[in-house]
Structures are given as structure tokens and as C-alpha cells.
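# Structural features, examined
Single-letter residue listing:
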Amino acid sequence: MAGTQSQLEMGSLAVNESLHEFEDESLFSPESVIQKMQPGHISEYGSAPGGFQPGGSKMGKNVVYKSIKTVVFSNKLNVLIPFGPLTILVHILTGHNGLVFLLSLLGIIPLAERLGYATEQLAMYTGPTVGGLLNATFGNATELIIAIYALRNGMIRVVQLSLLGSILSNMLLVLGCAFFCGGLVFYRKEQVFNKASATVNSGLLLMAVMGLLFPAVLHFTHTELKSRTDPYIPLSEDESQHGENEDDNDEIPEIGKWESVIWLLIMTAWISILSEYLVNAIEGTSRAWNIPISFIGVILLPIVGNAAEHAGAIMFAMKDKLDISLGVAIGSSTQISMFGIPFCVVVGWIMGKPMDLNFQLFETATLFITVIVVAFFLQEGSSNYFKGLMLILCYIIVAASFFVHEDRPPEGQL
């Protein structure tokens, strides 16, 4: 009897251990959960897949919690998110344009970064072709959303200047800070990058500058032609694929495909709401702060879309990954110049707005000189902190020039 009782106790302990193992596996092992959710699978308790499972709601809550934790609480830049609701509150209570502009500017910065993050996560599930198109489209979605709202309000010059400022900011400020910080961390050696890739990116930028230079020259010489934007539009997809494929090969998605889609929609909607407040406050901010609209468009507005690129490029440079930093800074400039600007021209035509590629002589000359300077800096395939400092000083010169520049838009455009 004692032997039989001992065997029964051992058997009971084995059953309890197996049940505990089953519960632990179902709660903490994603593979086992996925296997149990396959069609035709019948659980040990005889319930069909469509039947009620006590742990299903708990698993759903765990997925939502993990997704929110990954997207919202994993980035220190997200401490600026409360400035978004504060923008709406200040607009309702005070209507102070300068304060609304500043708060919306700060509130959009983390949303733009998270929008880029959700786009990258979704691109990992779609393959290189569709992923390249997604990155080209949503990679600079913040600039495009702000541009569309400005176009709707007839602020053509603000659209042109903000897109131009985004290109200048990426090439001079973002790349300069990356070279400078990377050079300080690795001051005992000269950092190197892929010279061939940098040369290709410089060539693409020069091609994009040609697309903006000739309309300005033709307009200035009164020999302008129409409809010269089409040959440059298809190149945006090729560039986006070239700039993104290198970095996605070894990455593992942190959130699911449909989670990425949902977060993409949420971030886009929230950016659209704040962009309307931002655009509507530009004129009032210019008068309240006594700042030219050209300075706001070229210097202040690009901060919104380039904050994520700025932080990412510096981090990669400090890890001695200059190729990625170049891909972030130069690649984003190429996407805007070869996709964003033609896209805004087409949207302007659809809205019946006189949006064109004539960015005026001073702005186009600034862009041309900037691309030439950056191309000279990249031709050696190496960088140090002094090169970064020179690029930053070039950006300061550009900022000072636009602060004193008197913008005279043609045909009463703003």
C-alpha cells in the first residue's frame, strides 16, 4: 500500500508539473501560442479554435501593452509628445500664434520620428521593392503633410522654402554634426566611409539640382518652358531602394505588420492635426517674433522633419558607422529633391495652385553651392571633426543669409 501511495503521489506531481509547464508555455512562448492558433488545432481540453479560451483576452492585452511600450516608451524623444495636446489647448485658450507655432513644432518632432520608425518596421515585411517605395513616400511624410496644408492655404513660397530648407539642413547641419561628433569620439583616427556610394549620392543630388536650377534660370531669362518635372519622378523609387536596402538585411522587426500599419495611421493623423495649427500660425509668428517667413521656412520648419535624421546620423557616426549616417543625411535630401518636390508640384496643380519648380535665383544658387561643397567634402571617402565643423559653419552662413534675405515672391505668392 505504501508503494502504491508513493506511485500515486509521484504521478500526481508529474501531472501538476506538466500542467504548470503548459500554462507557462502558453503565456510566455509566442511559438506555442501561434501553433495553438493554427486552423484545425484542437486543444487538450477539447475546445475548438474558435471556442472561448480564458487566456485569449490576457494575451491580447499583453500584445497591446508590448506594442505601446515599444513604440511610445522606448524613445527618449517621446517626452515631447505632450506638447501636441498642449498646442490645441493653448490655441483654444489664448490664440497666441507664436506660442502655438513653438508648441506644435515641438509636438510634431517625436511624431515624425515614430512615423519613420513605423515605416521602417512595415518595410521589413514587404520586401525591398515595396519597402523602398514606402520609405520614399512616408520617410519624409512630415514635410509633405506640412507642404500640403501650406498649399491649401495658398502659401506657395512657404512650401518651396521648407522643402529647400529640409535639403540644406540634411546636407549641412545633419551631416556636419555627424562628422563632428564622430570625429570627437574617434579623434585618434580618421573615419572612413564607402567612397563609391558617396559619389553616387552626390551625382543624384547634382541631377536634382539641375531640375531646380534650369526652371529658375529660364524664368529669370524669360525663356521658360512648361512641364519639365516628369523625367525626375521615377528616380525617387530607385534612390529610396539604394539608400534603404543596405541597412535592413540584418534587422528583425520589433512590432508586427498590422501593428505597424495601425501606428502609421495614428501618427499620420496626429501629425496632420498639428500641421494645420503649425501652418496657420506661421504668419502670426513672423509678425510676433519679427522673423522673416523665409527664415521660418528654410530654418525652423525643417527642424520638425529632420530631428529624427539628426539624432540617428549622430548616433551612427559615434558608433563608427558613417555609411549609415551618409545614407540617412544624403539619402533623405535626395528623396525630397527627387520625389517630394515633384510630388508637391503635382498636388499643387490638382488643387489649382500655381506651384512650380521656380525656386527663385537666390535659393537655387544656395542649393547649388551647398551640393558642390558637400561633394568636395565627400570625395576623399574620409571625415574628421574639422570637416564636420566646417559644414556646421556653412549652415550658419546659410541661416544668416536667409535671416536678412528679402523674399519677393512673384505674382503675390506668399
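Treat the numbers as computed from the prediction; the structure is a model and nothing was measured.

The rules behind the values
Residues numbered from 1 in each chain as written. Predicted model: local features only at pLDDT ≥ 70, side-chain atom pairs only at ≥ 80, totals over all residues. Heavy atoms only, no water. Helix = DSSP H or I, 4+ residues; strand = E, 2+ residues; numbered from the N terminus. Buried < 20%, exposed > 50% of the residue type's maximum accessible area, 1.4 Å probe, protein only. Contact = heavy atoms within 4.5 Å. pLDDT = per-residue confidence, 0-100. Phe/Tyr/Trp six-rings, centres within 6.5 Å; stacked < 30°, edge-to-face > 60°. Lys NZ or Arg CZ within 6 Å of the ring centre and 35° of its normal. Axes fitted to C-alpha atoms, helices over the stretch in contact; angles between N-to-C directions. Parallel < 35°, antiparallel > 145°, perpendicular 65-115°, else oblique. Left-handed = near helix turned anticlockwise from the far one by under 90°. Nonpolar A, V, L, I, M, F, W, Y, C, P; charged D, E, K, R; others polar. Expected span 1.5 Å × (residues − 1). Arc of directions from axis to C-beta. Polar contact = N/O pair within 3.5 Å; in protein donor to acceptor, adjacent residues only side chain to side chain. Core = buried A, V, L, I, M, F, W, Y, C linked by side-chain atoms within 4.5 Å. Salt bridge = Lys/Arg side-chain N within 4 Å of Asp/Glu carboxyl O.

### Remarks on the overall build of the chain
Summing up its helical and strand segments, the chain has 15 helices and 2 strands in all. Within the chain, buried positions represent 44% of all 414 residues. Taking all contacts inside the chain whose residues are at least 6 apart in sequence as the whole, residues at least 24 apart take part in 84%.

### Things to note about the confidence of the model for the chain
Residues with a pLDDT of 70 or more make up 74% of the chain, whose mean pLDDT is 76. Under a pLDDT of 50 for its full length, residues 227-249 has, in the predicted model, 31 contacts with residues more than four places off or in other chains.

### Brief notes about the packing of aromatic side chains
Inspection of the entire model under this criterion finds 5 aromatic pairs. Ring centres 5.9 Å apart and planes at 15° place the aromatic pair Phe 339 and Phe 343 in the stacked group. With a gap of 4 residues between them, Phe 339 and Phe 343 both fall in helix 13 (residues 322-351), about one helical turn apart. Seen from their ring centres, Phe 362 and Phe 402 are 5.2 Å apart, and the 65° between their planes marks the pair as edge-to-face. Here Phe 402 lies in helix 15 (residues 385-404) and Phe 362 lies in helix 14 (residues 361-378), a separation of 40 residues in the sequence. By relative accessible area, which is 33% here, Phe 362 ends up partly exposed. Stacked on the ring of Tyr 117, the Lys or Arg Arg 114 has its end atom at 4.3 Å from the ring centre.

### Thoughts on the packing of helix 7 (residues 156-185) against helix 15
In the contact formed by helix 7 and helix 15, the axes pass within 6 Å of each other and the chain directions differ by 150°. In terms of their interaxial angle, helix 7 and helix 15 are classed as roughly antiparallel. Pair helix 7 / helix 15 crosses with left-handed handedness. Looking at the contact of helix 7 with helix 15, its residues break down into 19 nonpolar, 4 polar and 1 charged.

### Considering helix 15
With 20 residues, helix 15 should reach 28 Å at 1.5 Å per residue; the first-to-last C-alpha distance of 29 Å fits that figure. Considered for burial, the residues of helix 15 that qualify are Lys 387, Gly 388, Leu 391, Ile 392, Tyr 395, Val 398, Ala 399 and Phe 402. Down the axis, helix 15 shows its buried residues gathered within 140° of arc, on one side only. Exposed side chains of helix 15 directed beyond 90 degrees from the buried face belong to Ile 397 and Val 404. The elements touched by buried residues of helix 15 are helix 7, helix 12 (293-318), helix 14 and strand 2 (382-383). One side-chain oxygen at the N-terminal end of helix 15 lies 3.1 Å from the backbone nitrogen of Phe 386; it belongs to Asn 384.

### Overview of the nonpolar core
Soluble globular proteins tend to pack their nonpolar side chains together in the buried interior. Among the nonpolar cores identified, the biggest contains 89 residues, and Phe 101, Leu 175 and Leu 367 are the most heavily contacted of them. Counting residues per element, this core draws most heavily on helix 7, at 16 residues. The contact partners of Phe 101, leaving out residues within four places of it in the chain, are Leu 278, Ala 281, Ile 282, Thr 285, Trp 289, Ile 296, Leu 300 and Leu 301.

### Points about unusual backbone geometry
Phi at Asn 290 is positive, roughly 55°, even though this residue is not glycine. Positionally, Asn 290 belongs in the loop between helix 11 (282-289) and helix 12. For Asn 290, a relative accessible area of 67% puts it in the exposed group. Its identity as a non-glycine residue notwithstanding, Gln 360 has a phi of 70°, on the positive side. Take Gln 360: it is sitting in the loop between helix 13 and helix 14. Judged by its relative accessible area of 18%, Gln 360 falls in the buried class.

### Observations concerning the pattern of salt bridges
Per the stated rule, a full pass over the model turns up 5 salt bridges. With its nearest N and O atoms 3.1 Å apart, the salt bridge here joins Lys 387 to Glu 380. Residue Glu 380 is classed as exposed on the basis of its relative accessible area, which comes to 54%.

### Concerning the side chain of Ser 104
The topology assignment puts Ser 104 in helix 5 (residues 97-138). Given the relative accessible area of 0%, Ser 104 is considered buried. Engagement of the side chain of Ser 104 in a polar contact is seen with the backbone oxygen of Phe 101, the distance being 2.9 Å. Aside from chain neighbours lying at most four places away, what touches Ser 104 is Thr 87, Leu 274 and Leu 278.

### A look at the packing of helix 7 against helix 14
Their axes nearest at 11 Å, the elements helix 7 and helix 14 cross at an angle of 20°. If you check the angle between helix 7 and helix 14, you find them roughly parallel. When you trace helix 7 past helix 14, the crossing you get is left-handed. Across the interface between the two elements, Arg 157, Leu 161, Leu 164, Ile 167, Leu 168, Met 171, Leu 172, Leu 175 and Phe 179 of helix 7 pack against Glu 363, Thr 366, Leu 367, Thr 370, Val 371, Val 374 and Leu 378 of helix 14. Here the contact of helix 7 with helix 14 is built from residues that sort into 12 nonpolar, 2 polar and 2 charged.

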